[in-house]
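The chain contents come next:
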Amino acid sequence: MDVLRSLIRSAAERAGGTLRRLGPVAKARQALREVMRQRAVVGEEELASAVAHAHGVRAASVAARDGAVRLDVTFDDGDRFAASLVPLGARFAPRGPKELLFRVEPGESARGPRAADVAAAVAGAVARGLWRGLLPEDEDGAPPTIVDRDDDVLRIDLRTLPAVRKLQAKGGLGVIIDVMEVRGITADHGELSIQLELPNVIGK
């Protein structure tokens with residue numbers, strides 16, 4: 001337990017330094033306030049930007065309303081993905097999975113490869129909201145995010161996101177990813193709201 005406390009404190013100090021270097025100061029303060037409230041928020045603009053910058057996407061619109069993330073995505077080859085991702089929750093375990101679960105509506109839209117691509121982009125936005133200011137930029141040629149499908153449900157382990165892989169490989173700050181848990185996710189009022197469970201060993 002003493003070792004874990006030491007690691008968390010060290011990671012927190014480094015995280016503070018990272019946020020200070022990022023600027024502006026207001027952004028860092030807002031991120032810290034959200035963490036202390038045990039809540040993270042990812043707005044529609046962040047979600048739309050993440051999806052629009054996914055490989056092969058020409059245009060994207062995103063709306064988080066009434067319990068679902070509604071997407072209309074057009075790809076360079078003319079393919080289109082128009083469906084909703086309904087957050088079903090998260091499965092976080094220490095030194096284990098960091099999974100987000102989404103149900104695709106209509107269910108038949110979950111079968112094509114585009115659903116996995118879009119879900120991975122949404123998961124990437126969630127990860128950056130959770131660990132705001134800590135994740136490095138994605139690199140071209142990085143291993144793809146792994147998305148598993150069970151009928152109309154998509155499961156994404158955030159540990160397979162390229163930026164998360166890169167952070168965890170460095171150690172130090174990576175411990176924050178392992179100790180933070182997600183209790184729930186809701187989509188409404190133009191945002192994804194993520195309820196956090198923080199480790200109670202800090203400061204004890």
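Residues numbered from 1 in each chain as written. Predicted model: local features only at pLDDT ≥ 70, side-chain atom pairs only at ≥ 80, totals over all residues. Heavy atoms only, no water.

Q: Help me out: how do you make sense of the overall build of the chain in this one?
A: Each helix and strand in the chain was counted, giving 6 helices and 9 strands. Counting over 204 residues, the chain shows a buried share of 44%. The long-range share in the chain, meaning contacts at least 24 apart out of those at least 6 apart in sequence, stands at 55%. Split by element, the accessible area of the chain, about 10,900 Å² in all, is 50% carbon and sulfur. (Helix = DSSP H or I, 4+ residues; strand = E, 2+ residues; numbered from the N terminus. Buried < 20%, exposed > 50% of the residue type's maximum accessible area, 1.4 Å probe, protein only. Contact = heavy atoms within 4.5 Å. Areas by Shrake-Rupley, 256 points an atom, 1.4 Å probe, with all protein chains shown as cover.)

Q: Would you take a moment to explain the packing of aromatic side chains for this structure?
A: What characterises a pair of aromatic rings is the spacing of the ring centres plus the angle enclosed by the ring planes. Using the criterion set out here, one finds 0 aromatic pairs in the structure. When the ring centre of Phe75 is taken as reference, the NZ or CZ atom of Arg114 above it lies at 3.9 Å. (Phe/Tyr/Trp six-rings, centres within 6.5 Å; stacked < 30°, edge-to-face > 60°. Lys NZ or Arg CZ within 6 Å of the ring centre and 35° of its normal.)

Q: Would you mind going over the nonpolar core with me for this structure?
A: Where a protein is soluble and globular, its nonpolar side chains tend to be buried together. Judged by nonpolar contacts, the single largest core of 50 residues is most densely connected at Leu71, Phe81, Leu130, Trp131, Leu158, Leu192 and Ile194. With 11 residues, the single largest contributor to this core is helix α4 (residues 113-130). (Core = buried A, V, L, I, M, F, W, Y, C linked by side-chain atoms within 4.5 Å.)

Q: What exactly am I supposed to notice about the environment of Ser61 here?
A: Residue placement: Ser61 occurs in strand β2 (residues 57-65). A C-alpha to C-alpha distance of 5.3 Å links Ser61 and Asp72, two positions 11 residues apart in sequence. In this structure Ser61 touches Arg70, Leu71 and Asp72, once residues within four positions along its chain are discounted.

Q: I tried to follow the environment of Arg39 on my own but got confused; where do I start?
A: As for its placement among the helices and strands, Arg39 is situated in strand β1 (residues 39-43). It is 5.3 Å that separates the C-alpha atoms of Arg39 and Leu196, two residues lying 157 residues apart in sequence. Looking at Arg39, its side chain comes within polar contact range of the side chain of Glu191, at 2.9 Å. (Polar contact = N/O pair within 3.5 Å; in protein donor to acceptor, adjacent residues only side chain to side chain.)

Q: Please explain the side chain of Arg114 as it appears in this structure.
A: Examined against the element boundaries, Arg114 turns out to sit in helix α4. A relative accessible area of 18% means that Arg114 is categorised as buried.

Q: Can you walk me through the sheet that holds strand β8 (residues 181-188) in this structure?
A: What the 3 strands build is an open sheet, ordered β1-β9-β8; its pairing is antiparallel. Looking at strand neighbours, the two that pair on one side only are β1 and β8, the edges of this open sheet. For this sheet, the mean inter-axis angle between neighbouring strands, taken without regard to orientation, is 20°. In this sheet, strand β9 (residues 191-197) lies alongside β1 in antiparallel orientation, the contact comprising 5 bridges. Following the sheet pairing, Ala40 is matched in β9 by Ile194. Here helix α3 (residues 44-52) sits on the sheet and contacts β1 and β9; the angle it forms with β1, its principal contact strand, is near 60°. (Pairing = 2+ DSSP bridges. Axes fitted to C-alpha atoms, helices over the stretch in contact; angles between N-to-C directions.)

Q: Help me understand the sheet that holds strand β3 (residues 68-75) in this model?
A: Hydrogen bonding along the main chain pairs the strands of a sheet, whether they run parallel or antiparallel. Overall, antiparallel pairing links the 6 strands, which are arranged β2-β3-β4-β5-β7-β6 in an open sheet. Each edge of the open sheet carries a strand with a single partner, namely β2 and β6 (147-150). Adjacent strand axes in the sheet meet at a mean angle of 30° when their direction is disregarded. Pairing analysis gives 4 bridges linking β6 to strand β7 (residues 153-157), with the strands arranged antiparallel.

Q: Sorry if this is basic, but what is going on with the pairing of β9 here?
A: It is a general feature of regular strands that their side chains alternate between the two faces of the sheet. Alignment of β8 against β9, held across 7 bridges, turns out to be antiparallel. Counterpart to Gly184 in the pairing with β9 is Gln195. With antiparallel pairing between neighbouring strands as the criterion, β8 and β9 make up a hairpin whose turn holds 2 residues, including His189 at a positive phi of roughly 55°.

Q: Is there a simple way to explain the confidence of the model for the chain in this structure?
A: Any region with low pLDDT has predicted coordinates that should not be read closely. Confidence along the chain averages 81 in pLDDT terms, with 74% of residues attaining 70 or more. Between the elements of the chain, mean pLDDT differs from a low of 50, seen in helix α1 (residues 2-22), to a high of 98, seen in β3. (pLDDT = per-residue confidence, 0-100.)

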